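Read off the chains here:
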Amino acid sequence: QVQLVESGGGLVQAGGSLRLSCAASGRTFDSYAMGWFRQAPGKEREFVSAITSSGGRIYYADSVKGRFTISRDNARNTVYLQMNSLKPEDTAVYYCAATRHHSSVVQPTRYDYWGQGTQVTVSS
């Protein structure tokens, strides 16, 4: 069983930055691909970014390319999402997820474990 805990969310003004962290329990973190998803009220869950277990392959949604950066530190069992140039439309609950599958990593149904989410609110 893998447990994921997100942190780093908060309230920022448009143009500001936040750094989200996702800490994983267990001893097999380096075997999982990790993803970030977000969900705004009344909206479907949306893919944001993903990174393979080795960190060698990275994916971003078009809406965040050039603004967000995903990274991981396997020694610390942690994945990060650096968010810059934030926009009001980035407002959502952000979820960290883990999967042993490495196909279709942009699809939430491929993920086995999910964190509780952390709220990001961007004011105009």
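A quick note: this is a predicted structure, and the numbers were derived from the prediction, not measured.

## Here we look at the pattern of salt bridges
And step 1. All chains considered together, the criterion is met by 5 salt bridges.
And step 2. Close ionic contact of Arg 38 with Glu 46 constitutes a salt bridge, the shortest N to O distance being 2.9 Å.
And step 3. The class for Arg 38 is buried, based on a relative accessible area of 6%.
And step 4. Here Glu 46 falls in the partly exposed class, since its relative accessible area comes to 32%.

## Notes on the nonpolar core
One recurring pattern in soluble globular proteins is that nonpolar side chains are buried together.
And step 1. Residues Met 34, Trp 36, Leu 81, Met 83 and Tyr 94 are the most contacted members of the largest nonpolar core, which totals 33 residues.
And step 2. Those elements that provide at least two residues to this core are β3 (18–24), β4 (33–39), β5 (46–51), β7 (68–73), β8 (78–83), β9 (92–99) and β11 (118–123).
And step 3. Looking at which element gives the most residues to this core, the answer is β9, with 5 residues.

## Regarding the sheet that holds strand β1 (residues 4–7)
And step 1. Taken in spatial order, the 4 strands make up an open sheet running β1-β3-β8-β7, and their pairing is antiparallel. Among the strands making up the open sheet, the edge pair consists of β1 and β7. Pairs of neighbouring strands in the sheet enclose a mean axial angle of 15°, with direction left out of account.
And step 2. Here β1 runs beside β3; their pairing, made up of 4 bridges, is antiparallel. Each residue of the ladder has a partner; that of Val 5, found in β3, is Ala 23.

## Structural notes on empty space enclosed by the protein
And step 1. Scanning the model with the defined rule gives 1 cavity of 30 Å³ or more in all.
And step 2. In this structure, the largest cavity encloses a volume near 30 Å³.
And step 3. Contributing to the lining of the largest cavity are Val 2, Ala 24, Ser 25, Thr 28, Phe 29, Tyr 32, Met 34 and Ala 98.
And step 4. Looking at side-chain class alone, the lining of the largest cavity contains 6 nonpolar, 2 polar and no charged residues.

## Side note on the packing of aromatic side chains
And step 1. What the rule picks out here adds up to 6 aromatic pairs.
And step 2. With a centroid separation of 5.2 Å and 80° between ring planes, the pair formed by Phe 37 and Tyr 111 is classed as edge-to-face. Taken together, the residues Phe 37 in strand β4 and Tyr 111 in the loop between β9 and β10 (113–114) connect sequence positions 74 residues apart. Tyr 111 matches Phe 37 in its accessibility class, with the two residues each being buried.
And step 3. Between Tyr 95 and Trp 114, the aromatic rings sit 6.5 Å apart at their centres with planes inclined by 80°, giving edge-to-face as the arrangement. Note that Tyr 95 is positioned in strand β9 and Trp 114 in strand β10, a separation of 19 residues in sequence.

## Thoughts on the side chain of Ser 53
And step 1. The residue Ser 53 is located in the loop between β5 and β6 (58–60) in this model.
And step 2. For Ser 53, a relative accessible area of 17% corresponds to the buried category.
And step 3. Setting aside anything within four residues of it in sequence, one finds Ser 53 in contact with Asp 30, Ser 31, Tyr 32, Ala 33, Arg 72, Asn 74 and His 102.

The rules behind the values
Residues numbered from 1 in each chain as written. Predicted model: local features only at pLDDT ≥ 70, side-chain atom pairs only at ≥ 80, totals over all residues. Heavy atoms only, no water. Salt bridge = Lys/Arg side-chain N within 4 Å of Asp/Glu carboxyl O. Buried < 20%, exposed > 50% of the residue type's maximum accessible area, 1.4 Å probe, protein only. Core = buried A, V, L, I, M, F, W, Y, C linked by side-chain atoms within 4.5 Å. Helix = DSSP H or I, 4+ residues; strand = E, 2+ residues; numbered from the N terminus. Pairing = 2+ DSSP bridges. Axes fitted to C-alpha atoms, helices over the stretch in contact; angles between N-to-C directions. 1 Å grid on protein atoms, 1.4 Å probe; cavity = no way out; pocket = protein on both sides within 12 Å on 5 of 7 lines; lining within 4 Å. Points joined across faces, edges and corners; volume = space filled by probe spheres on them. Nonpolar A, V, L, I, M, F, W, Y, C, P; charged D, E, K, R; others polar. Phe/Tyr/Trp six-rings, centres within 6.5 Å; stacked < 30°, edge-to-face > 60°. Contact = heavy atoms within 4.5 Å.

What is shown is where atoms sit, not what they do.
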